[in-house]
Amino acid sequence: MIRYCIIVCFTLVALLSCKIGNDGSNSSINAKGGMTYGGVFKFSIPTKPLRLFPFESNSYYEQQLSSQLYETLFVTDSMQQIIGNLAEKYEVRDKGKTLRVVLQKGILFHGGGQLTTRDVLFSIAFACSKSSYNKYAYLLIDKILGGKEFYDTSSDGPLDLAKFKGAKIINEQIIDVYLALPYSQFPKLLTHPNLVILSFPDYV
């Protein structure tokens, strides 16, 4: 009986320690849709990650870690169907050569700024740049209108978005992405874990 009581006591202490922070407060915040924000993310990996910037990282484990900080416009569900993530929806126009993306409203970056199409424009342009921090230009430069030209003329310095012809902001929630040729798999390409959306003010 005494042994049973000791086990119960240790179990209760363990459960309470998971729920309460060092200052006695709840370490997580409940949000809409059953989501929880905050707390500690623990992840066991066989090697030490070298990079957490998604456009630079090239290992599965680094992708897993950076996915806790950065997100893509779209993701795929359990049936491999493309669903909105930062984007609410998309529409294919101009016989497959234009992808109109509509963003979710009220998406905030960690620093507090709100997601707009300016961030999307910058992120797509960065993905087509020759920056030494971008290892994934090969995914987009042949598919985005003017992508190869933008890549060839860009450098490690600040991006000249005026020279990027691959996308156009319609308003704060809608952006058109122009393709060199119709490519039906382009929305799925934007689910690639390294093609994330960056906060424009943080990287200029």
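Structure report, in brief.

Cut-offs and rules
Residues numbered from 1 in each chain as written. Predicted model: local features only at pLDDT ≥ 70, side-chain atom pairs only at ≥ 80, totals over all residues. Heavy atoms only, no water. Pairing = 2+ DSSP bridges. Helix = DSSP H or I, 4+ residues; strand = E, 2+ residues; numbered from the N terminus. Axes fitted to C-alpha atoms, helices over the stretch in contact; angles between N-to-C directions. Contact = heavy atoms within 4.5 Å. Phe/Tyr/Trp six-rings, centres within 6.5 Å; stacked < 30°, edge-to-face > 60°. Lys NZ or Arg CZ within 6 Å of the ring centre and 35° of its normal. Buried < 20%, exposed > 50% of the residue type's maximum accessible area, 1.4 Å probe, protein only. 1 Å grid on protein atoms, 1.4 Å probe; cavity = no way out; pocket = protein on both sides within 12 Å on 5 of 7 lines; lining within 4 Å. Points joined across faces, edges and corners; volume = space filled by probe spheres on them. Nonpolar A, V, L, I, M, F, W, Y, C, P; charged D, E, K, R; others polar. Core = buried A, V, L, I, M, F, W, Y, C linked by side-chain atoms within 4.5 Å.

1. A few points about the sheet that holds strand E5 (residues 87-93)
Part 1: What the 4 strands build is an open sheet, ordered E5-E6-E8-E7; its pairing is antiparallel. In the strand order of this sheet, the two ends are held by E5 and strand E7 (167-169), each with one partner. The mean inter-strand angle of the sheet, taken between neighbouring strand axes irrespective of direction, is 20°.
Part 2: Taken together, the 6 bridges between E5 and strand E6 (residues 98-103) define a ladder with antiparallel strand orientation. The residue of E6 that forms the bridge with Glu91 is Arg100.

2. What about the side chain of Ser199?
Part 1: Turning to its location among the elements, Ser199 is positioned in the loop between helix H5 (186-189) and helix H6 (200-203).
Part 2: Not counting residues within four places of it along the chain, the set of residues in contact with Ser199 comprises Phe109 and Asp119.

3. Quick word on the packing of aromatic side chains
Part 1: Counted according to the given criterion, the structure contains 10 aromatic pairs.
Part 2: Note on Phe53 and Phe126: the rings are 5.9 Å apart at their centroids and 80° apart in plane angle, and the pair reads as edge-to-face. Of this pair, Phe53 sits in the loop between strand E2 (36-38) and helix H2 (60-66) while Phe126 is found in helix H3 (residues 117-127), placing the two residues 73 residues apart along the sequence.
Part 3: An aromatic cluster is defined as three or more aromatic residues linked by ring pairs; in this entry it consists of Phe53, Phe55, Tyr70, Phe122, Phe126 and Phe200.
Part 4: Above the plane of the ring of Tyr151 lies Lys130, whose end atom (NZ or CZ) is 5.5 Å from the centre.

4. Some remarks on the environment of Pro187
Part 1: Along the chain, Pro187 falls in helix H5.
Part 2: On the basis of relative accessible area, Pro187 is assigned to the buried category, the value being 4%.
Part 3: Each C-alpha atom of the pair Pro187 and Tyr90 lies 8.2 Å from the other, and the pair is 97 residues apart in sequence.
Part 4: The contact partners of Pro187, leaving out residues within four places of it in the chain, are Phe74, Ile82, Tyr90 and Leu99.

5. Thoughts on empty space enclosed by the protein
Part 1: With the rule as written, the count across this model stands at 1 cavity of 30 Å³ or more.
Part 2: As a volume, the largest cavity reaches approximately 80 Å³.
Part 3: Phe55, Leu73, Ser123, Ile124, Ala127, Leu140, Leu190, Leu195, Val196 and Ile197 together form the lining of the largest cavity.
Part 4: Grouping the constituent residues of the lining of the largest cavity by class yields 9 nonpolar, 1 polar and no charged.

6. Considering the layout of surface pockets
Part 1: Here the largest pocket is characterised by a volume of approximately 1000 Å³.
Part 2: Around the largest pocket, the lining is made up of 24 residues, and of these Tyr37, Gln68, Glu71, Leu108 and His110 lie nearest the centre.
Part 3: Looking at the lining of the largest pocket, the elements with two or more residues in it are E2 and H6.
Part 4: Looking at the lining of the largest pocket, the element that brings in the most residues is E2, giving 3 residues.
Part 5: Residue composition of the lining of the largest pocket, grouped by class: 13 nonpolar, 9 polar and 2 charged.

7. Considering the nonpolar core
Part 1: Membership of the largest hydrophobic core comes to 38 residues, with the highest contact counts inside it found for Leu73, Leu140, Ile144, Phe164 and Phe186.
Part 2: Looking at this core, the elements that each hand over two or more residues are E6, H3, strand E8 (174-178) and H5.
Part 3: At 7 residues, the largest contribution of residues to this core is made by H3.
Part 4: Beyond its immediate sequence surroundings of up to four residues, Phe164 is in contact with Leu121, Ile124, Ala125, Cys128, Ile144 and Phe150.

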